[in-house]
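# Tertiary structure, described
Residue-level listing of the chains:
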Amino acid sequence: MKKILELISQEMQGAFTKAGYDAGLGRVTLSNRPDLCEYQCNGAMAGAKQYKKAPLSIASEVADQLKGSKVFLSVEAVAPGFLNCKVNPAFLKDYLQGMWDSEKFGLEEAKIPQTIILDYGGPNVAKPLHVGHLRSAIIGESVKRISRYMGHKVIGDIHLGDWGLQMGLIITELKERQPELIYFDETYTGDYPANPPFTIGELEEIYPTASGKSKEDAAYKEKAMEATFKLQNGVPGYRALWQHILNVSVADLKKNYANLKVDFDLWKGESDVHDRIPAMVEYMKNGGYAHLSEGALVVDVKEETDTKEIPPCMILKSDGASLYNTTDLATIMERMEEIQPDTMIYIVDKRQDLYFEQVFRCARKTKLVNEDTRLFFLGFGTMNGKDGKPFKTREGGVMRLESLLKEINEEMYKKITENREISEEEARDTASKVALAALKYGDLSNQASKDYIFDLERFTSSEGDTGPYILYTMARIKSILRKYTEQGGDLNAVQLREVSTDSEKSLVMELAKFNTMMEAAFEEIAPHKVCAYIYDLSNAINKFYHETRILDETDEEKKTGWIALLLLCLDILETCVDLLGFESIEKM
Ligand code: ARG
């Protein structure tokens, strides 16, 4: 379906043409004086110079052409030359009917579906999942769902950090504590035990301990680097330990992501491309792309037009070890070979933007990707505490994702059970759904690149621009629909009608922005547009609700028309919250 503003502009352009003016002047926008009119066109002002005529007389001539228009109820030429338009209820009704009849509410899917790889999540094995990784998961999941809804083929890859120094650190600390473990006997050639010599709890304590030690003790760090080197070079005991670490950690990650309703198609990690590195290095050398610089192998990626310094992309360190870069480039190579994506989108902390600039330039220069492959970095800002500093626990430590979710859950539970009779089970279930909405909406309603403040009180409030407010509005609609059915109404039989009140008309106009909004949310990789849309829509729904006695209406036609309108609203809201990665509830 065409976008509503396109149809309206088309009508206006036709009138400009008929009145003898350039059609291009007839662009219509939403009114910035909604108290006076719904849409406006400023084309007569723009045309005044070109036609050497007073803008008001151009506007009047155009307005004359629109008498009896099917699209406009009224078009008024007002000084100094604006065209103030009100839209025809019958036209709105037709548009709405089109949305009702179409599977995706008038949205046209992409004509040429792309294959998109979304690189998001990016947790590091054996390090606790903390709020820094939260944003990537939440934004990535929503971008994935939005892109799929648009008809694209999307593959989400978690890209685990499982191959760096942190693995060496853990192995080193384990060796300090349990040197007798069979994994450290380099003469051993048998099988290794099936069960890991640690629990997830221990693992999570081992990493920070080891990391702390390595910062203070150079010899310890040296050992950790050596362990990393041995691991990467395939020492069997180290590989076996690493596999245990990976298994234990991934099981825990899966549980955490499931709680967040985030899921990945691929659970690949940096380690998966290890075996590709030698061939890639050869390729870069033979192609003349890479050269030695102070012993390290690098690819220059600066360009003449650069205004800031872009350092070379390092492929191998002087000791031959690979880096974060190396695995990212080899991953690009693997993806091009195995999946041939049109686009790769990375959803990572914006502090990595220079890094990705280097990696992308290097991938292009060395032709790891095709000329038309799009590489896109969506850098997100930091989630700060109320003090404006990166979010921490009350004690000042790194907040673990699990604890954060728990905290929001408890807060929601408290609110839900306050002054109310509700079963424990229902309260817990509702609390967990609303909590997830609070957290995700709180994050997604901000433009991703911006920092934002995590404010528990505000995020969990059922008033204002929040997740709970949206769920509350949906629950309100559900309750009206339930009552309508209890009165004997049949939801399958209701039909849309022409709007009859102002608040109803405003509601329909909000609703009609759906396809325009979805396209923009996809193209600009901007889930916050979905949030803004459902927030405005919810406000319009609540205003309509307060101004209309829906269930008491005696005119049956009117009443069923309103019920149909609410059904459509609910359907669209359900779709949108699903695209944001949470779900509605039956009762608030
Ligand atoms: N593991 C990384 C980190 O915690 C994020 C990974 C992002 N993705 C990538 N392909 N580099 O910083």
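Our subject is the structure listed above.
As the structure is a computational prediction, the values presented were derived from the model and not from experiment. (Residues numbered from 1 in each chain as written. Predicted model: local features only at pLDDT ≥ 70, side-chain atom pairs only at ≥ 80, totals over all residues. Heavy atoms only, no water.)

This next bit is on the overall build of the protein. For the protein, the helix and strand inventory stands at 20 helices and 13 strands. Expressed along its principal axes, the backbone C-alpha trace of the protein runs to roughly 90 × 65 × 40 Å. Nonlocal contacts in the protein, meaning residues at least 24 apart in sequence, comprise 73% of its contacts between residues at least 6 apart. Carbon and sulfur atoms make up 50% of the accessible area of the protein, which totals about 27,300 Å². Positive and negative side-chain charges in the protein, numbering 72 and 93 respectively, have mean positions lying 3 Å apart. (Helix = DSSP H or I, 4+ residues; strand = E, 2+ residues; numbered from the N terminus. Contact = heavy atoms within 4.5 Å. Areas by Shrake-Rupley, 256 points an atom, 1.4 Å probe, with all protein chains shown as cover. Lys, Arg positive; Asp, Glu negative; His and termini not counted. Charge placed at Lys NZ, Arg CZ, Asp CG, Glu CD.)

With that settled, consider the packing of helix α5 (residues 131-149) against helix α14 (residues 424-444). The contact between α5 and α14 brings their axes to 10 Å, and the two run at 85°. Classified by the angle their axes make, α5 and α14 are roughly perpendicular. Mapping the contact onto sequence places Leu 134, Arg 135, Ile 138, Ile 139 and Ser 142 in α5 and Leu 439, Lys 440, Asp 443 and Leu 444 in α14. Partitioned by chemical class, the residues of the contact of α5 with α14 number five nonpolar, one polar and three charged. (Axes fitted to C-alpha atoms, helices over the stretch in contact; angles between N-to-C directions. Parallel < 35°, antiparallel > 145°, perpendicular 65-115°, else oblique. Nonpolar A, V, L, I, M, F, W, Y, C, P; charged D, E, K, R; others polar.)

The next thing to look at is the state of the cysteines. As used here, a disulfide is simply a covalent bond connecting the sulfur atoms of two cysteines. Inspection of the entire model under this criterion finds zero disulfides. Cys 362 supplies the cysteine sulfur nearest to Cys 313, a cysteine that is in no disulfide, at a spacing of 4.1 Å. You can call Cys 313 buried: its relative accessible area is 0%. (Disulfide = S-S within 2.5 Å. Buried < 20%, exposed > 50% of the residue type's maximum accessible area, 1.4 Å probe, protein only.)

Our next topic: the sheet that holds strand β7 (residues 290-293). Pairing is antiparallel in the open sheet, where three strands are placed in the order β7-β8-β9. At either end of the open sheet lies a strand with only one pairing partner, and these are β7 and β9 (313-316). Here the average twist between neighbouring strands, direction ignored, is 45°. As defined by bridge partners, β7 adjoins strand β8 (residues 296-299) across four bridges and the pair is classed as antiparallel. Note that in β8 the partner of Ser 293 across the bridge is Ala 296. Helix α12 (residues 353-365) rests against β8 and β9 of the sheet, and its axis sits at about 70° to β9. (Pairing = 2+ DSSP bridges.)

Neighbouring the ligand are the residues Asp 119, Gly 122, Asn 124, His 133, His 159, Tyr 324, Asp 328, Tyr 346, Val 348, Gln 352 and Phe 356. Separating an oxygen atom of the ligand from a side-chain N or O atom of Gln 352 is a distance of 2.9 Å. Across the complex, the protein chains shield 87% of the 350 Å² of accessible surface that the ligand would expose by itself. Those elements that place two or more of their residues in the shell around the ligand are α11 (324-338) and β10 (343-349). Of the residues contributing to the shell around the ligand, the split by class is four nonpolar, five polar and two charged. (Near = heavy atom within 4 Å. Polar contact = N/O pair within 3.5 Å; in protein donor to acceptor, adjacent residues only side chain to side chain.)

Purely spatial values, then, with no claim about function.
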